[in-house]
Amino acid sequence: MDWFYELWPKLGEAFRGWLESALPDSIEGWVIYLVLGLLSMLVIVNLPIVGVMAMIYMERRLLGRFQNRLGPNRVGPFGILQPVADAIKIMTKEDIVPNGVDRIVFNIAPIVMLTPILLMFAVIPYGGDTFLTNLNVGILFIVAITAVDTIAIFMAGWSSNNKYALFGAMRAVAQLVSYEIPLLIAILGVVVITGTMNLNEIVAHQSSLPLILFQPLGFVIFFVAISAELNRSPFDLLEADSEIIAGFHTEYSGMKFGMFQLAEFAALMGYSAVIATLYLSGWEGPGLPGYLWLFVKVFFIFGIFVWTRATLPRLRIDQVMALAWKFLLPLSFLNVAITAVEVVVWENGLPEWLIPVNIVIGAGLVAIMHRGLNFQGQTRQVVPSGPERLAAINRPVGGGTE
Amino acid sequence: MYGLGIAKGMIVTFKHLFRKPFTVQYPEEVVPRGSRFRGYEFTWYEDRCTGCASCAKYCPLGTINIVTHPEGDPKQGMDYAIDIFDIDTGRCMFCGLCVEACPYEAIQAGGPLDDATYDFESLYRDKHKLTEMAQEHLHGHDFTYPNGKQAPQPDEKPLHIGLPVERDRTR
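Residues numbered from 1 in each chain as written. Chains lettered and ligands numbered in written order. Predicted model: local features only at pLDDT ≥ 70, side-chain atom pairs only at ≥ 80, totals over all residues. Heavy atoms only, no water.

On to the interface of chain A and chain B, then. It is common to give the size of an interface as the accessible area lost on bringing the parts into contact. Chain A puts 20 residues into the contact, and the matching count from chain B is 17 residues. Taken over both partners, the interface formed by chain A and chain B buries close to 1700 Å², and the fraction arising from carbon and sulfur atoms is 64%. Applying the counting criterion to the chain A and chain B interface returns 1 salt bridge. A salt bridge links E28 of chain B to R74 of chain A; the nearest nitrogen and oxygen atoms lie 3.0 Å apart. Counting only elements with at least two residues in the side of chain A that touches chain B, the list comes to α3 (29-66), α12 (290-311), α13 (317-345) and α14 (354-369) of chain A. No other element matches the 4 residues that α12 of chain A contributes to the side of chain A that touches chain B. Among the residues forming the side of chain A that touches chain B, the class breakdown is 12 nonpolar, 5 polar and 3 charged. (Contact = heavy atoms within 4.5 Å. Buried area = accessible area lost by both parts, 1.4 Å probe. Salt bridge = Lys/Arg side-chain N within 4 Å of Asp/Glu carboxyl O. Helix = DSSP H or I, 4+ residues; strand = E, 2+ residues; numbered from the N terminus. Nonpolar A, V, L, I, M, F, W, Y, C, P; charged D, E, K, R; others polar.)

Shown next as structure tokens:
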């Protein structure tokens, strides 16, 4: 059973041995290294694409069950071939470039959107020896590289020459930039405890207890912020289909649209893996090998995403921004401060009795902080009536006196 | 406490996971329809039809086209022989007035519901096509008319042959 637990490193070793024996001796060593690297990259790039198909199927079936219906169950047994049919459909669709778009930006926006998401899978540890790179700033790399998506969304919205696309892009920039701050500071709590940004070492640190127990508040902040980052309901303002048609990808069709969808779900999968790595002890787990444990956790977290999507209605844009700046940002600062104090006081690892204390502190902070989050009366303006209304309408722009 | 409402909502949706889905798998299952449902195709039974053309007169859109001529021995009582009986289903609005007008229950609503065609012309049904559809319905429903009455078995004599002989219409 040993090969089962260390499947991918052993496969790599076996392939390298075969390559060294098969190729003539005049071939230099770096060629083998290059071929192996390209093959590993092929596996890593295809992983999210296969995973996205499974996630689309799971989302549609699970959302159907949440809404008391069945979901797709016609194509293949239990409908498992439905995402394949969707993929074939979307690849054979006509690729329309409307008149008046900025062609270059319009065409490269899906690529700019998808590429960082695929890069993200390079640093996630899938097992003890199963990872593509052991980057010492792994989590920083992930957050930095996925922030490029904001630019891609704005490129798509701006170049489409469509007001709804531009609305979606503007909302996207406001929302994504705002939520990156509490997201990063929530990650800081984990980094302070583990003392490293290397994802492998973060997982190794959680071999006894997952960090969600020591960081309950940080987990909640991270989850809410990542829901907003990934445009998941209730934060799906930038593609709110009942208000602005499809947001930034209104004008896209065919495989360009497919690449946006692919990037969205791949980001969901990648960040589910990041949540599992940071808070749920990553690939560690009894019985199953690491790569299977990671995907069990990924699909569990994805199920929670689907659950929130089935439950919560969409927020207004001012509510979204207020939640980020008035609620999550101070909470995340408090969280990282409390975590830092705990780490300084207990230098040799946090004691286990701190777990209920942390949960109580987190709940108390949420209960206190929500008083500052007053949604009422923020955007309402008192409109005067009668002659005052006329005067208000006729008042010159800029508030100058007549 | 902030977030309790969200937690309650999440629990509500979680309970929905374990409910029976409402989905009706249409081609395999069909939603039961009420007895007043209008929208079935018409079935027309030539053996019940006397050719009185009440249905054609009551049809507000004129979708029924009927041509008859008197036939038979005048001493035995003459019948109308039906030369043409067409229903242009493409123009029918399924008001059901023809069904109510028919004194002999020869035209009844209760045929197939999933009667989509690729060809507009095939919605124009002559008496052979209508009889074929009616016989299909009878064979599929244990020789019961759509209104619930029992139809004669195929080996029995048709109804209009067994008309009362003692009723002499010439007098």
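Moving on, there is more to tell.
This part is about a nonpolar patch on the surface. A contiguous nonpolar surface patch, about 620 Å² in accessible area, is contributed by W30, Y33, L34, L38 and M41 of chain A. A residue is classified by how much of its surface remains accessible, and L34 of chain A, at 47% relative accessible area, is partly exposed. (Patch = residues over 30% accessible without salt bridge, like charges linked within 9 Å, V, L, I, M, F, W, Y side chains within 5 Å. Areas by Shrake-Rupley, 256 points an atom, 1.4 Å probe, with all protein chains shown as cover. Buried < 20%, exposed > 50% of the residue type's maximum accessible area, 1.4 Å probe, protein only.)

With that out of the way, let us pick up the confidence of the model for chain B. Reading predicted coordinates in detail is not appropriate for stretches of low pLDDT. Residues of chain B with pLDDT of at least 70 account for 89%, and the chain-wide mean is 80. By mean pLDDT, helix α4 (residues 127-140) of chain B is the weakest element of chain B at 84, and helix α2 (residues 54-58) of chain B is the strongest at 89. (pLDDT = per-residue confidence, 0-100.)

Residues and elements named next belong to chain A. Along helix α4 (residues 82-92), the residues classified as buried are Q82, P83, A87 and I90. The buried residues of α4 occupy an angular sector of 135 degrees when the element is viewed end-on, so they sit on one face. Exposed residues pointing more than 90 degrees away from the buried face of α4 are listed as I88 and T92. In this structure, the buried side of α4 is in contact with α3 and α11 (254-279). (Arc of directions from axis to C-beta.)

So, on to the packing of aromatic side chains. Under the counting rule described, the total for this entry stands at 18 aromatic pairs over all chains. Measuring from ring centre to ring centre gives 6.1 Å for F219 of chain A and F223 of chain A, while their planes differ by 35 degrees; the resulting arrangement is tilted. With a gap of 4 residues between them, F219 of chain A and F223 of chain A both fall in helix α10 (residues 216-229), about one helical turn apart. Just as F219 of chain A is buried, F223 of chain A falls in that class too. Arranged with centres 4.2 Å apart and planes meeting at 5 degrees, the rings of W44 of chain B and F85 of chain B form a pair that is stacked. Here W44 of chain B is found in strand β1 (residues 42-44), whereas its partner F85 of chain B is found in strand β3 (residues 79-88), with 41 residues between them in sequence. This pair shows no difference in class: W44 of chain B is buried, exactly as F85 of chain B is. One aromatic cluster in this structure is built from F219, F222, F223, Y279 and F305 of chain A. (Phe/Tyr/Trp six-rings, centres within 6.5 Å; stacked < 30°, edge-to-face > 60°.)

Bringing the nonpolar core into the picture now. By size, the foremost hydrophobic cluster in this structure holds 88 residues, and its most contacted members are Y179, F222, Y271, V274 and L278 of chain A. Broken down by element, this core gets its largest block of residues, 16 residues, from α11 of chain A. Core analysis: the next-biggest nonpolar cluster, separate from the first, contains 16 residues, F42, W44, I64 and L130 of chain B among them. (Core = buried A, V, L, I, M, F, W, Y, C linked by side-chain atoms within 4.5 Å.)

The subject of this paragraph is the sheet that holds strand β5 (residues 124-125) of chain B. Residues and elements named next belong to chain B. One open sheet holds the 3 strands; their spatial order is β2-β3-β5, and the pairing between them is antiparallel. If you trace the sheet from one side to the other, it starts and ends with β2 (64-71) and β5, each paired once. Across 2 bridges, the pairing between β3 and β5 is antiparallel. When the sheet's bridge partners are listed, I87 is paired in β5 with R125. Relative to β3, α4 is tilted by about 85 degrees, and along the sheet it contacts β3 and β5. (Pairing = 2+ DSSP bridges. Axes fitted to C-alpha atoms, helices over the stretch in contact; angles between N-to-C directions.)

This part covers the packing of helix α6 (residues 138-146) of chain A against α11 of chain A. All names here are of chain A. At a minimum axis distance of 12 Å, the contact between α6 and α11 shows a crossing angle of 155 degrees. With respect to α11, the axis of α6 lies roughly antiparallel. In the crossing of α6 with α11, the sense of the turn from one axis to the other is left-handed. Judged by residue contacts, I139, I142, V143 and T146 of α6 engage Y271, V274 and L278 from α11. Each residue belonging to the contact of α6 with α11 can be placed in one class, and the counts come to 6 nonpolar, 1 polar and no charged. (Parallel < 35°, antiparallel > 145°, perpendicular 65-115°, else oblique. Left-handed = near helix turned anticlockwise from the far one by under 90°.)

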